[in-house]
Amino acid sequence: MNSLYIAGCWLAGQGEPFESRNPVTQQVLWAGNGATVEQVESAVQAARQAFPAWAKRSLEERIGVLETFATTLKSRADEIARCIGEETGKPLWESATEVTSMANKIAISVQSYRERTGEKSGPLGDATAVLRHKPHGVVAVFGPYNFPGHLPNGHIVPALLAGNTVLFKPSELTPKVAELTVQCWIDAGLPAGVLNLLQGARETGIALAANPGIDGLFFTGSSRTGNHLHQQFSGRPDKILALEMGGNNPLVVDEVADVDAAVYTIIQSAFISAGQRCTCARRLLVPEGAWGDALLARLVAVSSTIEVGAFDQQPPPFMGSVISLGAAKALMDAQELLLANGAVALLEMTQPQAQAALLTPGIIDVTAVTDRADEELFGPLLQVIRYADFAAAIAEANNTQYGLAAGLLSDSEARYQQFWLESRAGIVNWNKQLTGAASTAPFGGVGASGNHRASAYYAADYCAYPVASLETPNLVVPATLTPGVRLS
Ligand SMILES: NC(=O)C1=CN([C@@H]2O[C@H](COP(=O)(O)OP(=O)(O)OC[C@H]3O[C@@H](n4cnc5c(N)ncnc54)[C@H](O)[C@@H]3O)[C@@H](O)[C@H]2O)C=CC1
Ligand SMILES: O=C(O)CCC(=O)N[C@@H](CCC(=O)O)C(=O)O
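Since this is a predicted model, take the numbers as computed values, not measurements.

1. Thoughts on the overall build of the protein chain
- Of regular secondary structure, the protein chain possesses 14 helices and 23 strands.
- Taking 2.2 N^0.38 as the reference for a compact globule, 488 residues should give roughly 23 Å; the C-alpha atoms of the protein chain span a radius of gyration of 25 Å, in line with that estimate.
- By the burial criterion, 55% of the 488 residues in the protein chain qualify as buried.

2. Structural notes on helix 7 (residues 202-210)
- The set of residues buried in helix 7 consists of Thr 204, Gly 205, Ala 207, Leu 208 and Ala 209.
- Looking at the packing, one finds that the buried side of helix 7 touches helix 1 (37-56), strand 7 (138-142), strand 8 (165-169), strand 10 (216-220) and helix 8 (223-232).

3. Side note on the domain arrangement of the protein chain
- With domains assigned, the protein chain is organised as domain 1 (4-245 + 450-471) and domain 2 (250-430).
- Inter-centroid distance (C-alpha atoms) of domain 1 to domain 2 is 31 Å.
- Listed by partner, the interface residues are 22 residues for domain 1 and 25 residues for domain 2.
- Between domain 1 and domain 2, the buried area comes to about 1900 Å², and carbon and sulfur atoms account for 61% of it.

4. As for the packing of helix 2 (residues 59-75) against helix 5 (residues 150-162)
- One can describe the packing of helix 2 onto helix 5 by two numbers: an axis separation of 8 Å at closest approach and a directional angle of 150°. Viewed along their axes, helix 2 and helix 5 adopt a mutual orientation that is roughly antiparallel. Contacts between helix 2 and helix 5 involve Leu 59, Arg 62, Ile 63, Leu 66 and Phe 69 on the former and, on the latter, Asn 153, Val 157, Leu 160, Leu 161 and Ala 162.
- Looking at the contact of helix 2 with helix 5 residue by residue, the class counts come to eight nonpolar, one polar and one charged.

5. Some remarks on a nonpolar patch on the surface
- Together, Val 477, Leu 481, Val 485 and Leu 487 make up an exposed nonpolar region whose accessible area comes to about 370 Å².
- Locating Val 477 in the fold gives a position in the segment after strand 23 (464-471).

6. Side note on the site of ligand 2
- Taken together, 14 residues are adjacent to ligand 2, and Lys 105, His 150, Cys 278, Gly 436 and Ser 439 come closest.
- Note that an oxygen atom of ligand 2 is positioned 2.8 Å from one of the side-chain N or O atoms of Lys 105.
- Contacts to ligand 2 include Thr 279, whose side-chain N or O atom sits 3.2 Å from an oxygen atom.
- Coverage of ligand 2 by the protein amounts to 97% of the 440 Å² it exposes when considered alone.
- Judged by the fraction of its atoms near the pocket grid, ligand 2 is located in the second largest pocket.
- For the shell around ligand 2, the class distribution of residues is six nonpolar, six polar and two charged.

7. Some remarks on the site of ligand 1
- If you check the shell around ligand 1, you find 27 residues, and the closest are Lys 169, Glu 172, Ser 222, Met 245 and Glu 376.
- Contacts to ligand 1 include Glu 172, whose side-chain N or O atom sits 2.6 Å from an oxygen atom.
- One of the side-chain nitrogen or oxygen atoms of Thr 225 is found 2.8 Å away from an oxygen atom of ligand 1.
- Starting from 860 Å² of accessible surface for ligand 1 in isolation, the protein chains cover 92%.
- Of all the cavities here, the one that holds ligand 1 is the largest pocket.
- Elements with a minimum of two residues in the shell around ligand 1: helix 7, strand 10 and helix 8.
- The greatest single-element share of the shell around ligand 1, amounting to three residues, is contributed by helix 7.
- Broken down by class, the residue content of the shell around ligand 1 amounts to twelve nonpolar, ten polar and five charged.
- Both domain 1 (4-245 + 450-471) and domain 2 (250-430) contribute no fewer than three residues apiece to the shell around ligand 1.

8. With respect to the side chain of Glu 87
- Residue position: Glu 87 is located in helix 3 (residues 77-88).
- The side chain of Glu 87 is buried and forms no salt bridge, while Lys 176, the nearest opposite charge, is found at 6.9 Å.
- Within the local environment of Glu 87, its side chain forms a polar contact with the backbone nitrogen of Val 177, the two atoms lying 3.0 Å apart.
- Residues within four places of Glu 87 in sequence aside, it is in contact with Ser 20, Arg 21, Pro 23, Leu 29, Trp 30, Leu 173, Thr 174, Pro 175, Lys 176, Val 177 and Ile 323.

Conventions we followed
Residues numbered from 1 in each chain as written. Chains lettered and ligands numbered in written order. Predicted model: local features only at pLDDT ≥ 70, side-chain atom pairs only at ≥ 80, totals over all residues. Heavy atoms only, no water. Helix = DSSP H or I, 4+ residues; strand = E, 2+ residues; numbered from the N terminus. Rg over C-alpha atoms; globule rule 2.2 N^0.38 Å. Buried < 20%, exposed > 50% of the residue type's maximum accessible area, 1.4 Å probe, protein only. Contact = heavy atoms within 4.5 Å. Domains from an automatic or database assignment. Buried area = accessible area lost by both parts, 1.4 Å probe. Axes fitted to C-alpha atoms, helices over the stretch in contact; angles between N-to-C directions. Parallel < 35°, antiparallel > 145°, perpendicular 65-115°, else oblique. Nonpolar A, V, L, I, M, F, W, Y, C, P; charged D, E, K, R; others polar. Patch = residues over 30% accessible without salt bridge, like charges linked within 9 Å, V, L, I, M, F, W, Y side chains within 5 Å. Areas by Shrake-Rupley, 256 points an atom, 1.4 Å probe, with all protein chains shown as cover. Salt bridge = Lys/Arg side-chain N within 4 Å of Asp/Glu carboxyl O. Near = heavy atom within 4 Å. Polar contact = N/O pair within 3.5 Å; in protein donor to acceptor, adjacent residues only side chain to side chain. 1 Å grid on protein atoms, 1.4 Å probe; cavity = no way out; pocket = protein on both sides within 12 Å on 5 of 7 lines; lining within 4 Å. Sits in = over half its atoms within 2 Å of the grid points. Lys, Arg positive; Asp, Glu negative; His and termini not counted.

Written out as structure tokens, the structure is:
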């Protein structure tokens, strides 16, 4: 099978074989071979060769290709949504929103490019000061499995718009979505070599990140891989590295008047996408006492009725599966370990069928667990921590190496102001779910969640570098010479 797209040609990978499966039925959806070190090198050369012509095209010409890509996405929206659903397990209604986000990314990126990396000029003395931006050159884009279309697209679109050429290494768990996306780019008329697809697992990623021919690497994925890349790129200030990584996100609940509104917002924060969003609430901070007990009772009651099912089930489920049987097992093991260490199951996460990666929502009280690991459990398992007062809640919210998203549900604006000031995260929400960040805003975290190169609306910033110029067509001797210099 021709799994790679290099220099405008589909060709077979010569590396390790791998496949993707429907996480519920285990049906094989895609099978192929990864790219070898040599094939990565030939893709880097193709991207290098294509770079000057692509970068020299006018911005309007590049926008034209991107807009055709958006039209292609819209015309194939149902097919792409189905592909995302069957490969990730995400319900069709949610996969459809992912395709919409992909298409919307074009206009948002153009607006962002013009606003943040466009051209500005003004008089400075007897010259004109001009600010323009240039693309970096050849950049690698690494994608995660949870948004196999939207998140790589969030790097690829602004990178191409700025004039870079791209090597796309998708998650090995979602090769079929990646292949379909690249086909849409081909149909949109993207010239050969401008976007190259390097399928493969970790070894392909390692080969691409280590290739000396890349000028930058834009990564969305786990903190562990991101940290590894950060170390690998240390001492290389000549290469730009943008890291979007995971979180251990806190959602603090105050004693609000509308308990059902709080419960709904918690569910949208913790269980959407079966808990497989980097922005999902992982830790729910609930006040000690009767009000907190009542909130939790209601949360458990409603969560136990959440529909979980296959991506195409009718009527549609709220939650699909997690990405694989392996991921389901790791989550079940993590729950078991927490329970063995003193956690109390308020609603135990279960895996109803051993051969399907479907998990029911889990809510466990970990207040009594000492030395809780500060790690991201990437699935539908919400950890509850009870707090004595608001200061303790904020301290617990910040008790993490990560800093992606943090939220407060409270009727008090003063408390929100305190929370906003004292919390440390790139997304801080008040009475809104943690998930579903807008593409029209910057998206990135601090601490172990990122390296201060926010994506989404600010992706333009890492896709091009500023060039400041002082310009005048007339080379003249200034009226006043610097002391000590004589021209006569
Ligand atoms: N902050 C953000 O914007 C987002 C972060 N995420 C995070 O992504 C994670 C889930 O995605 P995964 O696919 O599991 O991430 P991952 O880190 O396992 O994989 C991401 C990519 O890196 C590649 N890779 C793995 N090891 C590598 C190595 N040593 N060298 C080079 N490449 C390597 C993989 O093949 C894949 O293409 C979660 O932690 C989630 O929080 C997901 C979405 C958004
Ligand atoms: O990148 C963008 O355009 C906006 C950020 C975004 O879409 N965030 C989503 C996905 C987060 C994840 O991958 O887990 C969200 O906040 O739900």
